[in-house]
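Read off the chains here:
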Number of protein chains: 4
Amino acid sequence: MIKASIYGASGYAGGEILRLLLSHPKVVVAQATSRQFANEPISLIHPNLRKKTALNFSHPDDLKKCDILFVALPNGKSMYLMSKLKKLAEKIIDLGADFRLHKQSAFEHWYGYKHENPKLLSDFIYGIAELHREKIKKSACVACAGCEATVSILALYPLVKHNIIEEKIIIDAKMSSSQAGLKPSLSSHHPERAGVVRSYMPTGHRHTAEIIQELSPFNKNLDVAISATALDMVRGLLVTIHAIPKQEVTEKDIWKAYRNEYQNEPFIRIVKERQGIYRYPEPKILQGTNFCDIGFEKDKITNRLVIIAAIDNLVKGTAGQAVQAMNLMFGFPETMGLEFTGLHPI
Amino acid sequence: MIKASIYGASGYAGGEILRLLLSHPKVVVAQATSRQFANEPISLIHPNLRKKTALNFSHPDDLKKCDILFVALPNGKSMYLMSKLKKLAEKIIDLGADFRLHKQSAFEHWYGYKHENPKLLSDFIYGIAELHREKIKKSACVACAGCEATVSILALYPLVKHNIIEEKIIIDAKMSSSQAGLKPSLSSHHPERAGVVRSYMPTGHRHTAEIIQELSPFNKNLDVAISATALDMVRGLLVTIHAIPKQEVTEKDIWKAYRNEYQNEPFIRIVKERQGIYRYPEPKILQGTNFCDIGFEKDKITNRLVIIAAIDNLVKGTAGQAVQAMNLMFGFPETMGLEFTGLHPI
Amino acid sequence: MIKASIYGASGYAGGEILRLLLSHPKVVVAQATSRQFANEPISLIHPNLRKKTALNFSHPDDLKKCDILFVALPNGKSMYLMSKLKKLAEKIIDLGADFRLHKQSAFEHWYGYKHENPKLLSDFIYGIAELHREKIKKSACVACAGCEATVSILALYPLVKHNIIEEKIIIDAKMSSSQAGLKPSLSSHHPERAGVVRSYMPTGHRHTAEIIQELSPFNKNLDVAISATALDMVRGLLVTIHAIPKQEVTEKDIWKAYRNEYQNEPFIRIVKERQGIYRYPEPKILQGTNFCDIGFEKDKITNRLVIIAAIDNLVKGTAGQAVQAMNLMFGFPETMGLEFTGLHPI
Amino acid sequence: MIKASIYGASGYAGGEILRLLLSHPKVVVAQATSRQFANEPISLIHPNLRKKTALNFSHPDDLKKCDILFVALPNGKSMYLMSKLKKLAEKIIDLGADFRLHKQSAFEHWYGYKHENPKLLSDFIYGIAELHREKIKKSACVACAGCEATVSILALYPLVKHNIIEEKIIIDAKMSSSQAGLKPSLSSHHPERAGVVRSYMPTGHRHTAEIIQELSPFNKNLDVAISATALDMVRGLLVTIHAIPKQEVTEKDIWKAYRNEYQNEPFIRIVKERQGIYRYPEPKILQGTNFCDIGFEKDKITNRLVIIAAIDNLVKGTAGQAVQAMNLMFGFPETMGLEFTGLHPI
């Protein structure tokens, strides 16, 4: 059994880490911090954990040594703390954006802030196991990918690597409300937020930086653009990716690219059915699971390839990805604690 | 044409008044106040009014004389201002709670505050036209009913008046998020509020006071209890009322009571069908309308009567009721500006 | 007053026509046909029309002469009946697909059937008033556009006409359940349909044919592709259009193109705000309205233009468009009966 | 490892049994029957089980011997088959209504059919472990409770047993769409079903029979009435129970009654918080779990007790209850395979 703590456990990512770790057979949750809710029961904020844990939140100042520390803070916070936190835990998984990008300049460009601790950037491995499994196994520090980046990279990686598509890629992302976190605002106020098809970021999405970083080893000239639309759902993320297949690419080639990369992946499913009503990836049945479902359709009329991919943004897109990385870092079976199959109907 | 202004026009009730008045053939909207959004276009907050009005919000201190003033403030505010406001308008309709109850003591009991201006209480007529039409026609001041009280009173009034039911009445109210107003909070935060069946007020609902006040002339010993549950809807309110019919009461008697009181009411429909999927009142098809739909079922096994009633809380439960009262006060046709039939499907 | 009848009035398009015509000051609804529900009250199927009409459905065989006939049948039906129906009414508006395309071959290509009555194709004017106002005024026959085509054409027309964008256009359409009509199936079954982000037609959408037909006079080489995703909403349609601006095109040029074409259009609003939470078109506040809201954002990083447009698929996308055409055909004010502003919040 | 089969596995109850058994450490799923989908992959109908099982549906005629058979058929079907099915499995759990009631006459009264196989009625133990744990352990046949009955009985049992409440009990049930099963109809059609607050059974709910049967050993004169309202949710069930506490009953007495009966129950949680936004039971966070959450509030003004209880209708109300019974019948730990904690936010 290893001892895990969570720094910043009152948010949605922190709560999801707690949910997964409290059921993990090899983990004991030592501490879960929250400045605001210190000494309050965890179940006050995460009511799904009633009867699962009697733990109270700890004050961050009281954080003790542990085997692994999960850091789940708002973007721009963990870079100030990381040097200190590294002394408390041999292994660290950061769920925020601060250590995802390798280049200091990228933070200024996409996030608008100067990175406080650029020396540490190279310590962190980008947390998508499907791309960096061997490195993660040996690493002390992992930076989990953004949820939108996770699903886009997983959908595109085999196609870019196998030279299937042209460089211009458009990602039309359908997003849920949990991605914006726990803090209420008018834009998250139920009468305003319910029922929306809200084009909240037509251009300029920050996760573009991660997608380009991860795919550029296979093609340096990618031109990736994201348009994000918020829907009336709490969990889940679907991307419709519009790409242009290279000349002479056939459907078989596409299948082959995905099979080559993913046939042994426990959390990736190619979903492309001829019958039934779930013929393509559907985020609603992925809630609570660590799956990334990927499908595609090649246009018979125009030269176009549409790739559809879906995840639970809080699991494969955040906390599940982190637990998967932890499993690799400690030599546990990669799927341990992540076996939930999802519900249907839901 | 009369000149109408709205004091407190940035909230949901104020916005709904604006929507109705801007399409009313006999009304010109003079001013719509908002302290916070003074000088901003109304459509910033009420985006449905784009192209319908070019008006900006006025600062409340700049309010000028008008023929009728609608006051749409949070509870406990208008009692401080009313004496002043009455000098600005010959006729006033208050949409808040401050002048609904006739007795000063009732405010202390149900709202927990001492009434600031008890002398004015008797100036105000309770705004439900179906009960007080003649008085409203002659009045200068109307206090519109609470939304939950409106639908409950309309459902119960004929039954209490005609001595159809016993005194113990249980109202199980299904509520929407717009009732809680414009102010964001954790409880209205979309990830927390979406999908709920939230028992937010199992006992002690303040609108009980209004229901008892309005029905007590017909029976002084009513024992009314409300349990309120919040659902994942933005607009709409349905009550399931559990009552006990007096001995020997038949279904015909119930029909007769409703017909007697409501057969000429333009905004009340008795909905009790033998076929179709909308056999009982359904709030979703009432959105935007001023209807109150009422149905009932007498239990064949136990001695029980279930009454179901639905409204749009922001129209018949608030702003539509106010416009209906205004029409009476100025001698306009009672349905003027309130003809919208509702949408289906929606 | 003119006498209007609806052929096929039990579906959602038929119901919406009824809703609009029953409130139209210049129209009397004579007959509304339904084979299945002949002699049943209209409000059995369209419960929003309770108390608004006491009409029963007529059997289609009993259809009598009228001034204008609205035909609202499933695709592939009206072409068999049109010659006969034209004898019953001087003016006809068809809401189905059968007379939208000018070329017989296009039906075979996109709809997979041979057109039964190709001679009549040239009698019909395509029903979007913003493009064909003068022709509609003089026409006896109008074929209303498909909902997805309507919103896409309105969003793209000024940009194509003014040579603002390249020829490759991708339309990512977010669709609602009412578009699929009244017939239940497993795919529309609530437990399966609720909460979906269902990629039901990644390529090959039939409305492409209409979009190309309408825009090709301005550019013969357009390459238009639609990907359609069904969401958990009943009404509403939003398109996110991904286009590439021509070199040297500025944001001002885009504004100018839209203003040139639409500044006097009563039902088109350019929605592109700097503040507020409704900065771009949002279909939820368009429910029941005849507006088409259009916004755009030019990407500062990659050379890309994102256009966002929204409508109520049953109003501007179907029945409202038809009433707008009728107003033109009879010389009524173009906005008559279509003044509803929409609700907020909803 | 035991061999389990499911008779009638294509419905929602069958799918949920499959989901739970496929993750149960002591169970191998042998066969899952479906007449309609025989030889098709299970994941065609239950897409959440992709990659979890490669099993195809079996034809019911091919059903082989197994250690335990779960029967998940529409009401009125299993009574014709049970004698035959008992030869195939030593232990049987029926999820339908056919063997829930002990008295033949009750079926005629509540279900309107003559029971085909009344001799077998006494073989079946009613499946709520909290009431019949010891009997279930020794039984070969279990009839699982109806979902609405389950939550109502669990909420009421301690209060009736400890003589806390009067005999007149009103249950206001808020229901989800999965309860009506897999078969599409106009009433389940998304445009009609979405957003409803549909009073579909104001009186006469069949589950009343079960509630009275189970509680009558403690009080023979109970007068129980259910009013059921369908909401826009797929999973989940909440009851608001309106009762009258006996004179001199205090809040402490109520706590004591619940603690006496439930303090060691693994799946029952008393939820009655002073702070937070999940102060009372909330079905949305119970999705996928086997919990029954129970809360209550004693009215300070009128003499009234409101009890609120929630479950996932497909888990604790159906398939989870069945697995819990199976665990008891085979001597497995009672919570095995039912440990899922639920998601938040969702």
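Since the structure is predicted, the reported quantities are computational estimates derived from the model, not experimental observations.

Caption draft 1: Up close: the overall build of chain A. Tallying secondary structure elements over chain A gives 10 helices and 13 strands in all. Rg of the C-alpha trace for chain A: 20 Å, near the compact-globule value of 20 Å for 346 residues, within the 12% margin. The C-alpha extent of chain A, read off along each of the three principal axes, is 60 × 45 × 40 Å. Here chain A holds 346 residues, and 62% of them are scored as buried.

Caption draft 2: Just the interface of chain A and chain C, in detail. Contacts between the two partners involve 41 residues from chain A and, on the opposite side, 41 residues from chain C. Listed by contribution, the elements that provide at least two residues to the side of chain A that touches chain C are strand E7 (168-175), helix H7 (190-193), strand E8 (197-201), strand E9 (223-231), strand E10 (237-243) and strand E13 (305-311) of chain A. In terms of residue count, E9 of chain A provides more of the side of chain A that touches chain C than any other element does, five residues in total. In terms of residue class, the side of chain A that touches chain C is made up of 18 nonpolar, 11 polar and 12 charged.

Caption draft 3: Up close: the relation of the copies chain A and chain C. Note on the copies: chain A fits chain C at an RMSD of 0.0 Å, the axial shift is 0.0 Å, and the rotation between them is 180°. With respect to symmetry, the two chain copies, as superposed, fit the operation of a two-fold axis. Comparing contact sets, 100% of the residues at the interface of chain A also lie at the interface in chain C, consistent with an isologous, same-surface contact.

Caption draft 4: Representation of the domain arrangement of chain A. Residues and elements named next belong to chain A. Along its sequence, chain A is organised into domain 1 (2-144 + 315-330) and domain 2 (148-311). Each of domain 1 and domain 2 has a C-alpha centre, and these two points are 25 Å apart. Residue-level contacts link 18 residues of domain 1 with 23 residues of domain 2. Secondary-structure elements contributing two or more residues to the side of domain 1 that touches domain 2 are helix H4 (104-111), helix H5 (129-138) and helix H10 (315-330). Here the side of domain 1 that touches domain 2 takes six residues from H10, the largest share from any one element.

Caption draft 5: Quick look at the interface of chain A and chain B. Taken together, the contact pairs 13 residues of chain A with 13 residues of chain B. Taken together, the residues of the side of chain A that touches chain B break down into five nonpolar, seven polar and one charged.

Caption draft 6: View of the relation of the copies chain A and chain B. Between chain A and chain B, the superposition needs a rotation of 180° and an axial shift of 0.0 Å, giving an RMSD of 0.0 Å. Residue by residue, 100% of the interface of chain A is reproduced at the interface of chain B, so both copies engage with the same surface.

Caption draft 7: View of the pairing of strand E7 (residues 168-175) of chain C. Residues and elements named next belong to chain C. Counting buried residues along E7, seven of its eight residues qualify, which places the element largely inside the surrounding structure. Where E7 meets strand E10 (residues 237-243), five bridges bridge the pair, whose relative direction is antiparallel. Its bridge partner lying in E10, alanine 173 is registered against valine 239.

Caption draft 8: Seen up close, unusual backbone geometry. A cis amide bond links histidine 344 of chain A to the next residue, proline 345 of chain A, at an omega of -5°. As for its position among the elements, proline 345 of chain A is in the segment after H10. With a phi angle near 70°, lysine 51 of chain C is a residue other than glycine that sits in the positive phi range. Counting through the fold element by element, lysine 51 of chain C comes out in the loop between helix H2 (42-45) and strand E3 (66-71).

Caption draft 9: Just the nonpolar core, in detail. Membership of the largest hydrophobic core comes to 480 residues, with the highest contact counts inside it found for Phe70 of chain A, Phe70 of chain B, Phe70 of chain C together with Phe70 of chain D. Contacts of phenylalanine 70 of chain C, omitting those with residues within four sequence positions, involve Ala4, Ile6, Tyr7, Ile17, Ile93, Leu95 and Ala322 of chain C.

Caption draft 10: Region of the structure containing the sheet that holds strand E2 (residues 27-32) of chain C. Residues and elements named next belong to chain C. One open sheet accounts for six strands, arranged E2-E1-E3-E4-E6-E5; its pairing is parallel. Of all the strands in the sheet, the pair left with one neighbour each is E2 and strand E5 (124-126). Shown here is a sheet whose adjacent strand axes are inclined to one another by a mean of 25°, direction ignored. Pairing geometry for E3 and strand E4 (residues 89-94), over five bridges, is parallel. Paired with isoleucine 68 across the strands is lysine 91, a residue of E4. Relative to the sheet, helix H10 (residues 315-330) contacts strand E1 (2-7), E3, E4 and strand E6 (141-143), its axis offset from that of E4 by approximately 150°.

Caption draft 11: Examining helix H3 (residues 78-85) of chain A more closely. All names here are of chain A. Taken as a whole, H3 has its buried residues at Ser78, Met79 and Met82. Within H3, the buried residues cover an arc of 85° as seen down the axis, which keeps them to one side. Relative to its buried face, H3 has exposed residues pointing more than 90 degrees away, namely Tyr80, Ser83 and Lys84. On its buried side, H3 packs onto strand E3 (66-71) and strand E4 (89-94).

Caption draft 12: Structural detail: the confidence of the model for chain A. Predicted confidence across chain A gives a mean pLDDT of 97, with 100% of residues reaching 70 or more. Prediction confidence for the complex, expressed as pTM and ipTM, is 0.97 and 0.97 respectively.

Caption draft 13: Local environment of the UniProt feature "domain: Semialdehyde dehydrogenase NAD-binding" (unreviewed entry) in chain A. Within this numbering scheme, the UniProt entry marks residues 3-139 of chain A as carrying the feature "domain: Semialdehyde dehydrogenase NAD-binding" (unreviewed entry). As a span, residues 3-139 of chain A carries 30% helix and 19% strand, and end to end its C-alpha atoms are 18 Å apart.

Caption draft 14: Spotlight on the packing of helix H6 (residues 147-161) of chain C against H10 of chain C. Residue and element names in this part refer to chain C. Closest axis-to-axis distance for the H6/H10 pair is 8 Å, and the angle between their directions is 95°. In terms of orientation, H6 and H10 fall into the roughly perpendicular class. Residue-level contacts link Cys147, Thr150 and Val151 of H6 to Lys316, Gly317, Thr318 and Gln321 of H10. Looking at side-chain class alone, the contact of H6 with H10 contains two nonpolar, four polar and one charged residues.

Caption draft 15: Spatial organisation of the sheet that holds strand E8 (residues 197-201) of chain C. All names here are of chain C. Strand order in this open sheet of seven strands is E8-E9-E7-E10-E13-E12-E11, and the pairing throughout is mixed. The outermost strands of the open sheet, each flanked by one partner alone, are E8 and strand E11 (268-270). In this sheet, neighbouring strand axes are inclined to one another by 20° on average, regardless of whether the strands run parallel or antiparallel. This element, helix H9 (residues 251-262), spans E11 and strand E12 (292-298) of the sheet and lies at about 165° to E12.

Rules of the game
- Residues numbered from 1 in each chain as written.
- Chains lettered and ligands numbered in written order.
- Predicted model: local features only at pLDDT ≥ 70, side-chain atom pairs only at ≥ 80, totals over all residues.
- Helix = DSSP H or I, 4+ residues; strand = E, 2+ residues; numbered from the N terminus.
- Rg over C-alpha atoms; globule rule 2.2 N^0.38 Å.
- Buried ≥ 20, exposed ≤ 12 C-beta atoms within 10 Å, placed from the backbone.
- Contact = placed C-beta atoms within 7 Å.
- Nonpolar A, V, L, I, M, F, W, Y, C, P; charged D, E, K, R; others polar.
- Least-squares fit on C-alpha atoms with pLDDT ≥ 70 in both.
- Domains from an automatic or database assignment.
- Pairing = 2+ DSSP bridges.
- Core = buried A, V, L, I, M, F, W, Y, C linked by C-beta atoms within 7 Å.
- Axes fitted to C-alpha atoms, helices over the stretch in contact; angles between N-to-C directions.
- Arc of directions from axis to C-beta.
- pLDDT = per-residue confidence, 0-100.
- UniProt positions renumbered as here; feature names shortened; annotations may be inferred.
- Parallel < 35°, antiparallel > 145°, perpendicular 65-115°, else oblique.

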